[in-house]
Every structure is written in structure tokens, then in C-alpha cells.
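One-letter residues, chain by chain:
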Amino acid sequence: MTTQQSTSDLRAAHPNLNLNGNVISATFTIPLAPQYRKGADWELKPRRGQSALLDSFAYLSSDDTPWNHTVVAWTGEIEEAQDVPSPPGTPPRSTIHMSSLNSLSAPVPVDSDTRLPTPPISDGLWVSKEDQHRLEEQLARSTKIRTVPVWLADDNETKEDGIRLKDQSRWRRYAEHDLYTLFHYKQNEPSDGRRERITWTDYYRMNQKFAKKIVEHYKPGDIVIVHDFYLMLLPSMLRQRVPNMYIAFFLHSPFPSSEFLRCLPRRKEVLEGVLGSNLVGFQSYSFSRHFSSCCTRILGFPSDNNGVDAYGARVQVGVFPIGISAAKCESYAWSDAVTEKYHALKKLYEGKKIIVGRDRLDSVRGVAQKLQAFERFLEMYPEWREKVVLIQVTSPTVTAEHEDTEKGIGTRVNELVMHINGLYGSLGFSPVQYYPQHLNPDEYFALLRAADIGLITSVRDGMNTTSLEYVICQRDSHGPLIISEFSGTAGTLKDAIHINPWDLNGVATEINNALIMPQAKRKAMQESLYNHVKTRNVQSWIDHLLHRLVHVLSRQKDTRTIPLLDRAVLLQTYRDAKKRLIMFDYDGTLTPIVREPSAATPSENLLQTLTALAADPKNAVWIISGRDQDFLTRHLGHITTLGFSAEHGSFMKEPGSDEWINLADKFDMGWQAEVMEVFQKYTDRVPGAFIERKRCALTWHYRLADPDQGAHMSQECQEELVSTVGKKWDVEVMTGKANLEVRPTFINKGEITKRLVSTYNAKAEADGFAAGNVDFVICMGDDFTDEDMFRALNGLPETEVARDHVFLVTVGPSTKVTLAHWHLLEPADVVDCAALLAGVGPGGDAHQRQGQVNLAALSAVEGQIPEEEKY
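Residues numbered from 1 in each chain as written. Predicted model: local features only at pLDDT ≥ 70, side-chain atom pairs only at ≥ 80, totals over all residues. Heavy atoms only, no water.

Caption draft 1: Looking closely at the packing of helix α11 (residues 336-348) against helix α14 (residues 441-450). Relative orientation of the contacting elements α11 and α14 amounts to 50°, with a least axis distance of 8 Å. The orientation of α11 relative to α14 falls into the category oblique. As for the relative orientation of α11 and α14, their crossing is right-handed in sense. Residues Ala337, Val338, Thr339, Lys341, Tyr342, Leu345 and Lys346 of α11 lie in contact with α14, whose contacting residues are Asp442, Glu443, Phe445, Ala446, Leu447, Arg449 and Ala450. Looking at the contact of α11 with α14 residue by residue, the class counts come to eight nonpolar, one polar and five charged. (Axes fitted to C-alpha atoms, helices over the stretch in contact; angles between N-to-C directions. Helix = DSSP H or I, 4+ residues; strand = E, 2+ residues; numbered from the N terminus. Parallel < 35°, antiparallel > 145°, perpendicular 65-115°, else oblique. Left-handed = near helix turned anticlockwise from the far one by under 90°. Contact = heavy atoms within 4.5 Å. Nonpolar A, V, L, I, M, F, W, Y, C, P; charged D, E, K, R; others polar.)

The following block contains the structure:
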């Protein structure tokens, strides 16, 4: 079947989707590690780690799938190639690329990517535009995986003739120091927050640059798959730019419970970022359950085991255990080179049972626990002493921010190895063979084939490829696999021996059980595991993920997602404008909803922020509320530069004026007596209910009553009013947040917003404003009365205000149906956005530094972190 035919089949199967057969995979670093040679082709070497993910990319890029595949990724840290020749007779700098003098010796370091440390270049590495294009062309021409690189640098480091790469590792710091640590149930020491301000800003900007690059290459109907914790903000950023984009996110690491995620200061932003996806995938069920729970406990979004209700849509959550390229692994493991080393290893350890462990030198991999359990095994089962050897290989951790931790773990591991060998070894034998180094593939697969037991004791892990590769390599030998129950892979390997790495006695017992296991049982266990790994491979994983995404999209075709407000776009549009109209609802927008309405007073932070925002002569700032004039005057009236609309548009007060204008003074208010009688009847029946009498409206509140009784009686009261007063008078009965309100039909917030736009469009320079129409409008509200504003502003013609200069933002619950274009979670976010526009800090003070979220948006607009914000 050709790719073209298969794409046609996909379209036929899902006619309501505009699938074009393209898949864009966003991952942190490109599959190849580039080394720079000025004016010459780049040297591209395979990158270590993530072999399963890279195999899935290769599969999607092959003719075996109906997809046209492109990878978008950061170049990674670029180094300059070292080509300086050495004088004759100079000994080699390392044994890299050299064969071992003794084929039976321990494995030697073979990491061809590793060089001796060199001092960092203080002013960075300059890469010309010509050389940038050369790398881009090399990656685009790749026959294996077509790749589009993302260049990461500040805007002032990106010139027309090239780019200067400084402090390249900064782009990974937040993800590896904060997210990786917390996701593996570890905590960093508390700090003063200065480092986090900078690293979070770089993380945000990095995700922004990914979003920009993807949108450059995106075509309608493309599917975008975002991978791992480095890009957790990317789904939401893509949704902000292309609301109907098809997006899946897959997390390759564990996801913690809400108790741990709450410790992350930017927890809300991380969750909101992922919820820009249509489908979120995890390695195991427990990780997916934790994610859904966090969305409910931290964001307040309704969720269940299948998904989360967010921003007017359903975000599906699924479990997709990743596999390996089993056929590729098997082919390599039985190559002649591996077989030769396998026989050498078996001869070297003849008469000994071999236990193999291969882990990164990271506290979550449980190497120390493995050694302690092995020591306990030798103590409990003395008959195995000098008959069993543990070959433990460790490689450096992939996270650059944990060097001190790695040194501490390395020291601890070395101490345990020396202790065990000193206690149970002899001059001719050491029970633990420890190799802190990389293995080349030949040695690695030979070791897995030669093993009698595979031992994995990770204390927290996402996917563990070693366990799957071990199963393939034991095709003929049937060596048991012992795996930690805390590994994300354990849930799919049901027939393996599961252990708790913290239970040293239990691990020791299972090692003995594995050694004495009857051959028939070993064979049955191995055959089951082997069949599972062969069929649940990386190809079936990515096929399943894409099939599920297409199914989800097909069911949600008509769903309208309201993306999270893009603060960077908001700030840029605000800065470019000369005549701005800013409108806020009050309750639920500027202040949280409280049980007692009179307690919803503005905070000092809010007052200072509004004062600063309204002080800009380019701004017209209005509070459009259902509150009466007395409340607004008492709490906000001292800010004379604010404009007010009270009682849903019944009254107005211009900025700088003391006079309230009654827009309903000619309307017959005889309906109020009838409504008052009905409201009083229900107040008597519902303990805790009360009536609020405004000049032009009556409101029945039940937020202090029993919630169930209040909601039930409110519905009954509404039906009675609609069938009586509503038919006699020109009024409307509106349901609010724990209230019921009756007001004249012609009075609503929408009429006020249209009136304000028209008024300020007509204002000229003589009135203190720039000539011409308003070129920036933002309107924020939280309930159905604010939908009148959104409806009115959506209906304005382009001649009155440009559509892309209007920001309609709904605040609060994720499940509401709204006419707004953007979403914010809570009133604190509204005040934060107002502070960003006003250029003040979190307390409304111009001398304060920006909060972390606002600093990230500000830096994205300016292309770099402002110097005054770095310290």
C-alpha cells in the first residue's frame, strides 16, 4: 500500500477531519549531535539515550506508515569540532575508538561524543547564517528522519549574518533541575527564588520558540505530537496560535501525585500548558491518574479516569506503554560481533551465575539499593558466595544540573562496592564487578545475552528500555527478569518478578528464587515476556497513540476550545496601541466569589494595579459590574481615573466625574413590587437566602443557603418569574453564581461595551486621546452576564476595531460555554495580567520586580531577560 493510498484511507475513515497525512513530532533535542566546522559540512553523530523514541521517529519517517513525518527539535549544545593535528608519537588523548588489548577485559569507555573538558567560551560560539543554513539542509535531506532545528538564543544574539550561542545549557535547566527532580519524587532545597525566575523565563521562551517554529511549518490537517517534560507549555502555546490544531502530548517520565506537584511554584502553568492538547498520554495508569487528580485538586477542573474538562473541551487522557524496536534489537544482539563477545564473557565467568545491572548514575535508578540487596543476598544465602557475580554498569545521568548529586551517589556506590568485595571477595574473585562508563552496543548486548538474571531496582522510573532489551536477549537462555514495581515498565511486564527495592530481604529472596527456578518455569515466563515485547514494540506504540488521537479528534470535531490567554501577544498588542479600552467585570473577575457579597472588597494589590493602569493617558479603564453605585463608589471611587458602569449597565460614571448617569430613569419600575413578592416567598422557604435591592434590578442570593436546596428552589423561582412577571413586563430573569436576578431587558453589559467603543472612537486628541479608532480592547468577565459584552464586541465591524486587537477573556470554571476567545483560571490571574500591562510588580508597585509568569511574557516580547530583572 502506498503512502498516498493510505492517507486517502485515513480521510475516508474520518471524513469529518481534515487529515493531510503529515505528522510533526516536537522533541527537545534533534536525533543527531552536531559538531561545528566553520564553512564546512557539520559532523552529525548519533545522540545517546532515548533509543525507543528515536526508533519511533525512524518508523514514522519510513515507507511502513501512511504518514509524512517531520521532527522539530533544538540543536542541542553545539561544540566546535577539534581538528588540530598532533605531533608524531603523541599518545592518544583517550582510548576512544581503540580496540581493547584484551578481548576478555572489562568494557572500556567508548563514548565517541565525550571530549576532555574545555573552558567555556566567554562570549559564546558564533555560527554564520551560511553555516546555519548548511545544517538545516543536512537535516532536511536526511533519508532516515527529516528534522527542522530550532535555534535558541536571545534576540540580540541573533543577527542577519548569524547567531551567537551563549550559555547553551540554560535552556534545559528548569526542566532538568525543577521538573525532572519533582517528577521523580525528589525535592530541591528551598531557595530565594532568584534562580527560578531566570530558569522559568528561559523555559517559557524556549517553548515559545518551539511554537513559532512549528507554526512556520504547520499546514491545516497536520498532527502535532509533543514529547516529554521539556515542552510542557508547548501544547497550550500551539493552541493559542492555531485553535483547531490536532495536538497530542506524551510524557516519557513519571508524573507525581498532587501532594508532590503542589510543591512546584509553577504547577498551575505546567498543567495549563499540557491541557492545550487533545490527548495526553502516559507510560502507566498511575501516572495518568495522578495527572487527572492534579488537574482537579490544583486547577479545580472536573476529571475522571478518561480525561479532564478544560477550557470548554474534553482533554482525553490515556495510557500508552512505550516499547522498543524489538526486531532491530534482536538482529543486533545476534550479530557476529556480539556473539563473539558473548562467548568470551561466558568463558570469563565460567562456572558463575551472572546478574546484570545497567543504569544511569542517578538516585532514582536505585543502584545503591541494588548493591545493598545483593549484599543481603550473600549474607542470607552463603551457598551462593563465589558462585554469583553482579556486573553493574553505570553511565552518567542525562540531567546536567545534578553534578554534585551524581558525585555523591558515585561515592556511595563505590563505597558499597568496596565493602561487598572486601567482605565476600578474595584475591582471585570479586563478587561485584563495577564499571562506571558507557558500553558500546556490542558489549552491551553481549552482556545481556550472557546474564542469568536481569536486576532492575529503580525507585522511580518512567520507561526502562534495559528490561525490554534484556527480554529480547534472553530469547534462548530464558534468564528471569527481576524488576522494581516502581518502574513504569513493570506494569506491562506482568510475568517478570516484581520487587520493592526498599525491601532488601525481599529482593534477596527473589534473587535466590530466580537462581533456583526450574527450567520449565523459566522458559514459560520468558516466552510470555518475549511475545509481549515483540508485539508491543515501539511501532505498535506510536501506531496506537496516533490511532487513539484520530479517534478522539473524530468525536470532538465540533468542540470549540478556548485557549489560555497568551500574555506575550497581549503585551505586544498593548504596547503597539495608542488608544486602549480596558473593561473588567468585578465579582469573580477582579475579586473571588465569596459567600457574603459585602465581603468581596478589593485587595491593596488590586487597587494599586488599577491605579497604575488607569494612570496611563492612552488607557480608558472601566469597571462594568452588577454591583450598585454605592458599593463601587465606596471601594473604588477614590481612583478618579476609572470609569464605572453599575447594575449591569443601568448607571454610568465617566472617569474624572462625580456624577452617575441613570440610563433607566424613564423606564417603568412597577415590575419590582411583583418580583419582590415572589422573592420574599422563596426567601421565607430557604434558610440563608436574602434579597439585594438595586436601583434597577432585584437579586435573590442563596450562596449562604444549603447548596442543593438553593439550586433547586432557584430553578423553581425562575420558572415562576418567567411565567408571570416575564410575560407582563419587558424584563429578563437571569441565573448567576448562586443568585437569581431580574432586570429590564434593554439594560445589559453588552449595550454598555458598544456604547464605550463608539464613544472612544469618536474622542479626538482634544480629549486627551490619540486620533482615530480604538486599537486595543480587552474585556474580562466570569459569568453569563459578561457574555453580553463578548457577544456585543464579537459583533463589532472591523471598521470600528480590528478583530485581532480585541481580547475577550473569560475567567473561572473550565466547563463553561463562552463567546470569549481566551481563558484565565482565576481572579489572581486577571490582576496579574493587569500588572503586566501596567508595568508594575505583583503588589502593584512600579519599583517591584515582575512576577515569574509576567517576566516570562515580558522576556518573550523583548527577546531577552531585562537586565534589571536578573538580580
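Caption draft 2: Spotlight on unusual backbone geometry. If you check the backbone angles, aspartate 228 has positive phi at about 75° while not being a glycine. Tracing the chain through its elements places aspartate 228 in the loop between β10 (223-227) and α6 (234-241). If you check the backbone angles, histidine 648 has positive phi at about 60° while not being a glycine. With respect to the helices and strands, the residue histidine 648 is situated in the loop between β24 (642-646) and β25 (651-653). On the basis of relative accessibility, which here comes to 7%, the residue histidine 648 falls in the buried class. (Buried < 20%, exposed > 50% of the residue type's maximum accessible area, 1.4 Å probe, protein only.)

Caption draft 3: Focus on the packing of aromatic side chains. This model, assessed by the stated rule, comprises 27 aromatic pairs. Taking 5.5 Å as the distance between ring centres and 80° as the angle between the ring planes, the aromatic pair formed by phenylalanine 255 and phenylalanine 291 counts as edge-to-face. You can see phenylalanine 255 sitting in the loop between β11 (246-250) and α7 (258-261) and its partner phenylalanine 291 sitting in helix α9 (residues 285-299), a full 36 residues away along the chain. With a relative accessible area of 1%, phenylalanine 255 lands in the buried category. (Phe/Tyr/Trp six-rings, centres within 6.5 Å; stacked < 30°, edge-to-face > 60°.)

Caption draft 4: Quick look at the pairing of β10. Burial within β10 is extensive, with five of its five residues counted as buried. Of the strand pairs in this sheet, β10 and β11 are connected by five bridges, and their pairing is parallel. Looking at β11, one finds that valine 224 is bridged to isoleucine 247. For the handedness criterion, the β-α-β arrangement of β10, α6 and β11 is classed as right-handed. (Pairing = 2+ DSSP bridges. Right-handed = clockwise from strand over helix to strand, strands pointing away.)

Caption draft 5: Spatial organisation of the nonpolar core. One finds Met232, Phe255, Leu275, Phe291, Phe584 and Ile623 to be the most contacted residues of the largest nonpolar core, which totals 110 residues. Among all residues touching phenylalanine 291, those that are not within four sequence positions of it are Phe255, Leu271, Val274, Leu275, Val280, Phe282, Val308 and Val317. Counting 95 residues, the second largest nonpolar core, distinct from the first, contains Leu60, Tyr434, Ile482 and Ala496. (Core = buried A, V, L, I, M, F, W, Y, C linked by side-chain atoms within 4.5 Å.)

Caption draft 6: Just the pairing of strand β12 (residues 279-282), in detail. Judged by which residues are buried, β12 turns out to be covered on both faces: Leu279 and Gly281 on one side and Val280 and Phe282 on the other are all buried. As paired elements, β11 and β12 share three bridges and run parallel to each other. The residue bridging alanine 248 from the neighbouring strand is leucine 279, located in β12. Two strands pair when backbone bridges link them, and β12 and strand β15 (residues 313-319) are joined in this way by four bridges, in the parallel orientation. Paired with glycine 281 across the strands is glycine 318, a residue of β15.

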